[in-house]
Amino acid sequence: MKISRVTSAVLVLAVTILFGMLPAISMQARAAVKAPAAAPSSALVDINTATKDQLKALPGIGDAYSQKIIDGRPYAMKTQLKSKGILPAATYEKIASMIIAKQPAKVAK
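To keep things clear, this report deals only with the structure shown in the data block. The structure displayed is predicted, hence computed values, not measured ones. (Residues numbered from 1 in each chain as written. Predicted model: local features only at pLDDT ≥ 70, side-chain atom pairs only at ≥ 80, totals over all residues. Heavy atoms only, no water.)

What follows concerns the overall build of the protein. Scanning the protein from N- to C-terminus turns up five helices and two strands. Reading the protein from its N terminus to its C terminus gives the helix and strand order α-β-α-α-α-α-β. Within the protein, buried positions represent 20% of all 109 residues. (Helix = DSSP H or I, 4+ residues; strand = E, 2+ residues; numbered from the N terminus. Buried < 20%, exposed > 50% of the residue type's maximum accessible area, 1.4 Å probe, protein only.)

Close approach of charged atoms allows side chains of opposite charge to pair. Taken as a whole, this structure holds two salt bridges when the rule is applied. For Lys56, the salt bridge is made with Asp63, and the minimal N-O distance between the two is 2.9 Å. Classification of Asp63 as partly exposed rests on a relative accessible area of 48%. Among the ionic pairs, Glu93 bridges to Lys82, the shortest N-O distance being 3.4 Å. Pair noted here: Glu93 is in helix 5 (residues 89–95) and Lys82 is in helix 4 (residues 80–83), with a separation of eleven residues, a long-range link. (Salt bridge = Lys/Arg side-chain N within 4 Å of Asp/Glu carboxyl O.)

A few words on unusual backbone geometry. Backbone torsion omega between Arg73 and Pro74 reads 0°, so that peptide bond is classified as cis. Summarising the element assignment, Pro74 is placed in the loop between helix 3 (63–71) and helix 4.

With that out of the way, let us pick up the nonpolar core. Counting residues in hydrophobic clusters, the biggest one holds 16 residues, and the most contacted among them are Ile47, Leu55, Ile69, Leu81 and Ile99. Here Ile99 is in contact with Leu44, Val45, Ile47, Leu58, Lys78, Leu81 and Tyr92, once residues within four sequence places are set aside. (Core = buried A, V, L, I, M, F, W, Y, C linked by side-chain atoms within 4.5 Å. Contact = heavy atoms within 4.5 Å.)

As a further point, take the side chain of Thr91. On the secondary structure map, Thr91 appears in helix 5. Apart from the residues lying within four places of it in its own chain, the contact partners of Thr91 are Gly60, Ile61 and Tyr65.

Moving on to the environment of Asp63. Note that Asp63 resides in helix 3. Along the sequence, Asp63 and Lys52 sit eleven residues apart, while their C-alpha atoms lie 7.7 Å from each other. Every residue in contact with Asp63, bar those within four places of it in the chain, is listed here: Lys52 and Lys56.

Attention shifts here to the side chain of Asp46. Looking at the element boundaries, Asp46 is found in strand 1 (residues 45–46). Here Asp46 is buried and forms no salt bridge, its nearest opposite-charge partner Lys102 lying at an N-O distance of 5.4 Å. Side-chain polar atoms of Asp46 contact the side chain of Thr49, separated by 3.2 Å. Contact partners of Asp46, with chain neighbours within four places excluded, come to Ile100, Ala101 and Lys102. (Lys, Arg positive; Asp, Glu negative; His and termini not counted. Polar contact = N/O pair within 3.5 Å; in protein donor to acceptor, adjacent residues only side chain to side chain.)

Distances and angles like these do not, on their own, reveal function.
Quick look at the structure:
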């Protein structure tokens, strides 16, 4: 079975393009799988004011942890969830980029 030169050239070109694109496709797939970067501040959940349902929407936070977070308020810093023993370190690391501990605005006298 003879393959014409044109068919052979097209086949070589197709394989070259395919293998040339595979690394780019692979890089895009890996980028999509990576954890999201820190959320914009407007999307952060304030642990001092969030409802139980808002807290439960965070990964690893269920009924018990959301209630512990609420019972431990107020927080000066979000790291207090870990230092006060409210959350285990592994759970805190999952949500650290998604939360904030805002302080109430001070009223000017």
